[in-house]
Amino acid sequence: MKDLIQLYKTAFLDGNDEVLGEVEKAITAVEKEKSRVASQFESATAEITSGKEKFIRLNADLENFRKQTEKERAKFTSNIQVEVVQSLLPLIDSFEKKNLENTPETEKEQKISTSYQGIYKQLVETLRYLGVGVVETVGKPFDPSVHEAISREESSQFKAGIVSHEVRRGFLLKERLLRPATVKVSTGSGKQSASSVGAAKDAAV
């Protein structure tokens, strides 16, 4: 383009109209080509930008899909764990009931009892490994979200509204309730105010 402009200046000074015409045509052709290339560059830039935006959106969609899939997988796994552990709770109850009722008298009965205790210990350790915990009861304030009250009873040891007796254990899987603890709730020693008795009554219902 520089050379064409210089040639145009020289032809203009010399008054050479023929050369001027040819140079003007050449300059016009160069400008058109420049405009065409600029247009192509803008189009290519727009396509790149559009492609980049599409890639960002696609990447975001894939990330959301991955997170949703992971969330659903974790929920599914958690539900399976809950079902498995819940199916084992009656077995825990049976072991504990049998342990309370069983009083070995002979050496053979003692061996059987020891064998049962070994199995029970393994079961408890497995549940603990899975994240199973016991709902705290006696001495704790009655909490309807984890306790199920079956009765109220006077207690000189516990204030009104405090769990005084555990009837059946409750269990948690990490922070998820598997089974509420069945409990009895204290109404106090009988000397508390009517309002505190009413509060304990409402809590135990």
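Residue numbers restart at each chain and count upward from 1, following the sequence in its written direction. Confidence filtering applies because this is a predicted model: local features only for residues at pLDDT of at least 70, side-chain atom pairs given and counted only at 80 or more, and all residues used for totals across whole chains, interfaces and linings. Calculation of side-chain values draws on the structure's entire complement of heavy atoms; hydrogens and water are dropped beforehand.

- An unreviewed UniProt entry lists the protein under the name GrpE protein homolog, with Urochloa decumbens given as the organism.
- UniProt positions are given in the numbering used here, feature names are shortened, and annotations may be inferred rather than shown by experiment. Of the comments in the UniProt record for the protein, the one headed Sequence similarities (unreviewed entry) reads "Belongs to the GrpE family."

## Some words on the packing of aromatic side chains
Part 1 of the reasoning: By convention, a stacked pair of Phe, Tyr or Trp rings (six-membered ring in the case of Trp) has centres within 6.5 Å and planes under 30 degrees apart, an edge-to-face pair has planes over 60 apart, and any other such pair is tilted. Applying the stated criterion across every chain, the model contains two aromatic pairs.
Part 2 of the reasoning: A ring pair is formed by F95 and Y116, whose centres lie 6.2 Å apart and whose planes are at 70°; its orientation type is edge-to-face. In this pair, F95 is assigned in helix α2 (residues 17-101) and Y116 in helix α3 (residues 107-129), connecting sequence segments 21 residues apart.
Part 3 of the reasoning: For Y116, a relative accessible area of 44% translates into the label partly exposed.
Part 4 of the reasoning: Between F95 and Y120, the aromatic rings sit 5.6 Å apart at their centres with planes inclined by 45°, giving tilted as the arrangement. On the criterion of sequence distance, the pair formed by F95 in helix α2 and Y120 in helix α3 is long-range, its members being 25 residues apart. The same class applies to F95 as to Y120, namely buried. Note on conventions: DSSP H or I runs of at least 4 residues are helices, E runs of at least 2 residues are strands, and numbering of each starts at the N terminus. When accessible area is computed with a 1.4 Å probe and restricted to protein chains, residues below 20% of their type maximum are described as buried, those above 50% as exposed, and intermediate ones as partly exposed.

## Concerning the nonpolar core
Part 1 of the reasoning: Only buried residues count toward a nonpolar core. Its members are Ala, Val, Leu, Ile, Met, Phe, Trp, Tyr and Cys residues joined through side-chain atoms within 4.5 Å. Within the largest apolar cluster, 12 residues are counted, these being V82, V85, L89, I92, F95, Y120, L123, L127, V132, F171, L173 and L178.
Part 2 of the reasoning: Residues count as neighbours in contact if any of their non-hydrogen atoms are within 4.5 Å of one another. Contact partners of L127, with chain neighbours within four places excluded, come to V85, L88, I92 and V132.
Part 3 of the reasoning: The next biggest cluster of nonpolar side chains, apart from the first, holds eight residues, and it includes F142, V146, A149 and A181.

## Some thoughts on the sheet that holds strand β6 (residues 181-186)
Part 1 of the reasoning: Any two strands between which DSSP finds at least two bridges are classified as paired. Read across the sheet, three strands follow the order β2-β6-β3 without closing on themselves; strand pairing throughout is mixed. Strands at the two margins of the open sheet, each flanked by one partner only, are β2 (147-153) and β3 (163-168). Across the sheet, the axes of successive neighbouring strands diverge by a mean angle of 30°, strand direction being ignored.
Part 2 of the reasoning: Bridge count for β2 against β6 is six bridges, and the pairing is parallel. Paired with E153 across the bridge in β6 is S186. Convention adopted: a line fitted to C-alpha atoms gives each axis, helices being fitted over their contacting stretch, and angles between N-to-C directions are expressed from 0 to 180 degrees.

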